[in-house]
Amino acid sequence: MKNIVINDQYDQLDLKPSQLIERYISLTQRDVGKILADPAQLSVCHCPACGATEKQQAFVKFSLTYQECQHCRTLYVSPRPNDTMLNDYYLKSDARAFWCNELSQLTDKKRKEKVIKPRFQWILESTREYFPNAKTWVDINTSQYSYIDAMADADIFENKILLNPYLPLEPQDYPRVAIVKKPWWEEPAIDQVSVISLFEVIDHTADVGRLMATVNAMLSKGGLCFLTAILSSGFDIQTLWEQAENLHPPDRLNCFSVKGLHALFEKYGFECLELSTPGIFDLEFVAKKLKEQPCLNVPRFVRDLIERKDEETKRAFQEFLQSACMSSYGRILIRKKG
Ligand SMILES: [Zn+2]
């Protein structure tokens, strides 16, 4: 199984300006309270990764409770809203409108260069290696417009399909991709697919098992699925825990561990070809939080590393996190077993 390490330098603020992120989080908190937090509509669930029933309450965020699986250490919200409620949230919430209309647009150019280009390179190179006769690529629920342009340019695929009810897309604006404005669970007619991409989708899916079973049914034999996710086993999540800025519902309804993901893929008939954590911001996220809250309780070793070590040491530490699969940004390639 592959594990890719990336040596890159850029500031996380290039990608996500701090004030905009704060605004997005505050809108999210308000919308979750209005749309998703009614206890009468939430259901208790077991670990969405390994299925274990043993859990321990980790913390509460925006009135929803995160549990930690005692078997695989995945973090997940339970009781939780279902996918229909989440669909409603992502269609109506002010937070999502702010993300699509402002945050995503403002950071689009930087994201194209730093995030989208390498991600598509990864998809194209891996497809050539593992499925050279690939014909159809389906993306499920991307939240980034620039993905669509990059997808349209991917000439190795004859057919490109966006399964996405959330972005206000007009077919005439994207003539080289087919747009299906439906949630993934309403489109069983798509099959014999070569490649499916799920960028941060498993993070905010309530019934992940149903999603993985649907993906398996849509793929042809040997078909590939590319995923990205934020991982609970990553350094900044482990260090900051409930203080981690990017760990909040509903965007991170699930925060899988590496161990949990392996269990999930095995259960739904996939072989894992790559599980890398090429994140470059773990230490920077913790440093940012420490700057905002100097009294934050973090291990002495971490504080020393952030406050007293030089940039080269910090970079070496981040590279170690990548090589040991201990960063919180995960990119994964799985293949449907034949
Ligand atoms: Zn588990």
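Residues numbered from 1 in each chain as written. Predicted model: local features only at pLDDT ≥ 70, side-chain atom pairs only at ≥ 80, totals over all residues. Heavy atoms only, no water.

Q: Quick question: what am I supposed to make of the overall build of the protein chain here?
A: The secondary structure content of the protein chain amounts to 12 helices and 11 strands. Here the protein chain has a C-alpha radius of gyration of 19 Å; the compact-globule value for 338 residues is 20 Å, and the two agree. Every one of the 338 residues in the protein chain was classed for burial, and the buried ones make up 57%. A separation threshold of at least 6 residues defines the contact pool for the protein chain, and within that pool the share at least 24 residues apart is 75%. As displayed, the protein chain has an accessible area near 15,000 Å², and 48% of this comes from carbon and sulfur atoms. Between the centroid of the 42 positive side chains of the protein chain and the centroid of its 45 negative side chains there is a distance of 1 Å. (Helix = DSSP H or I, 4+ residues; strand = E, 2+ residues; numbered from the N terminus. Rg over C-alpha atoms; globule rule 2.2 N^0.38 Å. Buried < 20%, exposed > 50% of the residue type's maximum accessible area, 1.4 Å probe, protein only. Contact = heavy atoms within 4.5 Å. Areas by Shrake-Rupley, 256 points an atom, 1.4 Å probe, with all protein chains shown as cover. Lys, Arg positive; Asp, Glu negative; His and termini not counted. Charge placed at Lys NZ, Arg CZ, Asp CG, Glu CD.)

Q: Explanation requested: the coordination of the zinc ion in the structure shown.
A: For a metal bound by four donors in tetrahedral geometry, the ideal donor-metal-donor angle is 109.5 degrees, whereas six donors in octahedral geometry ideally sit at 90 or 180 degrees. Protein-derived ligands of the zinc ion are Cys47 (SG), Cys50 (SG), Cys69 (SG) and Cys72 (SG), with the metal-ligand distances lying across 2.3 Å. The site at the zinc ion holds four donor atoms, and with the angles between them running 103 to 116°, its shape is tetrahedral. For the zinc ion, the single-chain donor residues occur in sequence as C-x2-C-x18-C-x2-C. Of the residues examined, Cys47 reaches a relative accessible area of 5% and is grouped as buried. (Donors = N, O, S within 2.8 Å, 3.2 Å for Na, K, Ca; no water. Tetrahedral: all angles 85-135°; square planar, octahedral: opposite > 155°, others 65-115°.)

Q: What should I look at first to understand helix α4 (residues 94–106) in this one?
A: Three- or four-residue spacings in an α-helix give side chains the same orientation, since the helix completes a turn every 3.6 residues. Relative to the 18 Å expected for 13 residues at 1.5 Å per residue, α4 spans 17 Å between its end C-alpha atoms, a close match to the ideal helical length. The sharpest bend along α4 comes to roughly 35°, located at Cys100. (Expected span 1.5 Å × (residues − 1). Bend = angle between axes of the 7 residues up to and from the residue.)

Q: I'm lost on the sheet that holds strand β1 (residues 55–61) in this one. Help?
A: Whenever strands of a sheet pair, they do so through backbone hydrogen bonds, lying parallel or antiparallel. Within the open sheet, the four strands sit side by side as β1-β2-β3-β9. Their pairing is antiparallel. Bordering the open sheet on either side are β1 and β9 (254–255), each of which pairs with just one other strand. (Pairing = 2+ DSSP bridges.)

Q: Whenever I open this one, the nonpolar core confuses me. Can you help?
A: Soluble, globular proteins show a tendency: their nonpolar side chains are buried together. Core analysis: the largest hydrophobic core is formed by 71 residues, its most contacted members being Leu75, Trp137, Leu169, Ile237 and Leu247. The element best represented in this core is helix α2 (residues 18–36), accounting for seven residues. Those residues within four positions of Ile237 in sequence are excluded, and the remaining contacts are Leu75, Ile230, Leu231, Ser232, Ala244, Asn246, Leu247, Cys255 and Ser328. (Core = buried A, V, L, I, M, F, W, Y, C linked by side-chain atoms within 4.5 Å.)

Q: Looking at this structure, I do not really get the packing of aromatic side chains. What am I missing?
A: Note on aromatic pairs: each is described by the distance of the centres and the angle between the planes. Per the stated rule, a full pass over the model turns up 16 aromatic pairs. Summarising the aromatic geometry, the rings of Phe120 and Tyr147 are spaced 5.8 Å apart at their centres and angled 45° between planes, so their arrangement reads as tilted. With Phe120 in helix α5 (residues 108–130) and Tyr147 in helix α6 (residues 145–152), the pair connects residues that are 27 residues apart, well separated along the chain. A residue is classified by how much of its surface remains accessible, and Phe120, at 7% relative accessible area, is buried. Grouped by ring-pair contacts, the aromatic residues Phe120, Trp137, Tyr147, Phe157 and Phe199 constitute a single cluster. In this structure, Arg23 packs its charged tip against the face of Phe98, placed 5.9 Å from the ring centre. Sitting above the plane of the Phe199 ring, Arg119 keeps its charged end 4.8 Å from the centroid. (Phe/Tyr/Trp six-rings, centres within 6.5 Å; stacked < 30°, edge-to-face > 60°. Lys NZ or Arg CZ within 6 Å of the ring centre and 35° of its normal.)

Q: Teacher, can you tell me more about the sheet that holds strand β7 (residues 193–199) here?
A: Taken in spatial order, the seven strands make up an open sheet running β6-β5-β4-β7-β8-β11-β10, and their pairing is mixed. The sheet is open, and its two edges are formed by β6 (178–180) and β10 (270–276), each paired on a single side. For this sheet, the mean inter-axis angle between neighbouring strands, taken without regard to orientation, is 20°. With three bridges joining them, strand β4 (residues 136–140) and β7 adopt parallel strand pairing. The residue bridging Val138 from the neighbouring strand is Ile196, located in β7. Across the face of the sheet, α6 comes into contact with β4, β5 (159–163) and β7 while running at roughly 165° to β5. (Axes fitted to C-alpha atoms, helices over the stretch in contact; angles between N-to-C directions.)

Q: When you look at the confidence of the model for the protein chain in this model, what are you seeing that I'm missing?
A: Keep in mind that low pLDDT regions are not for reading the predicted coordinates in detail. Considering every residue of the protein chain, the mean pLDDT works out to 91; 94% of them sit at 70 or more. ipTM for the predicted complex: 1.00, alongside a pTM of 0.93. (pLDDT = per-residue confidence, 0-100.)

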